[in-house]
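Residue strings, one per chain:
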Amino acid sequence: MLVQIQVNTDHNVHGGERLATYVTTDLENSLSRFGGWLTRVEVHLSEDGGGKPEDKKCVIEARPGGKQPVAVTHHATTVDDAYAGAAHKLGRVLDSRYTRAHDHKGSESIRHMPGPEDPEQVGALEEEPPA
């Protein structure tokens, strides 16, 4: 898998290298089906503060090659739950986008079909045989 995964944490999130390794390994496994389609994934883990129960936040941004980036956010009471929720959301969004980009109701996309043999005949109506 050639996707680059970057994990960022703010100063309130603890876990360091162990957390970054876990997130990287988990994303490599869960996103492997998107192979060469994804070029980069950024994970941002933070604590919003303010004393709310769900103040841990995970934002994951995925960049499919040649497409607009996809970003998901999940809030939870723990960093692990925030990451797990965001990773689950990302998987669903990417499944949808990837399917739309690569599967056209079971047939080839018109963009991937070969051109007509005789471009002059495109749109021409066949003449009816004389009666």
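Computed from a prediction, not measured in an experiment: that's the story for all the values here.

## What about the overall build of the protein chain?
Looking only at helices and strands, the protein chain has two helices and four strands in total. Its helices and strands in sequence order give the protein chain the pattern β-α-β-β-β-α, from N to C terminus. Counting all 131 residues of the protein chain, 27% fall into the buried class. Contacts in the protein chain between residues at least 24 apart in sequence constitute 48% of all its contacts with a sequence separation of at least 6. Here the protein chain displays about 9000 Å² of accessible surface, and carbon together with sulfur accounts for 50% of that area.

## Regarding the side chain of K56
Within the fold, K56 resides in strand β3 (residues 56–64). A relative accessible area of 17% places K56 in the buried class. Within the local environment of K56, its side chain forms a polar contact with the side chain of D55, the two groups lying 3.2 Å apart. In this view, K56 contacts S46, E47, H74, H75, A76, T77, T78, V79 and A82; residues no more than four positions away in its chain are not counted.

## Focus on the pairing of strand β1 (residues 4–9)
In terms of strand pairing, β1 meets strand β2 (residues 38–47) through six bridges, oriented parallel. Its bridge partner lying in β2, N8 is registered against H44. In this view, the connection linking β1 to its parallel neighbour β2 by way of helix α1 (residues 16–30) has left-handed handedness.

## Structural notes on the pairing of β2
Pairing of β2 with β3 involves nine bridges; the strand directions are antiparallel. The partner of V41 across the bridge, within β3, is A62.

## As for the sheet that holds β2
Think of a sheet as strands paired side by side through backbone hydrogen bonds, with each pair either parallel or antiparallel. Spatial strand order, β1-β2-β3-β4: four strands in an open sheet with mixed pairing. A single partner strand is all that each edge strand has here, and the edge strands are β1 and β4 (70–76). Adjacent strand axes in the sheet meet at a mean angle of 10°, parallel and antiparallel pairs treated alike. Against the sheet, α1 touches β1 and β2, its axis set at about 145° to β1.

Criteria and thresholds
Residues numbered from 1 in each chain as written. Predicted model: local features only at pLDDT ≥ 70, side-chain atom pairs only at ≥ 80, totals over all residues. Heavy atoms only, no water. Helix = DSSP H or I, 4+ residues; strand = E, 2+ residues; numbered from the N terminus. Buried < 20%, exposed > 50% of the residue type's maximum accessible area, 1.4 Å probe, protein only. Contact = heavy atoms within 4.5 Å. Areas by Shrake-Rupley, 256 points an atom, 1.4 Å probe, with all protein chains shown as cover. Polar contact = N/O pair within 3.5 Å; in protein donor to acceptor, adjacent residues only side chain to side chain. Pairing = 2+ DSSP bridges. Right-handed = clockwise from strand over helix to strand, strands pointing away. Axes fitted to C-alpha atoms, helices over the stretch in contact; angles between N-to-C directions.

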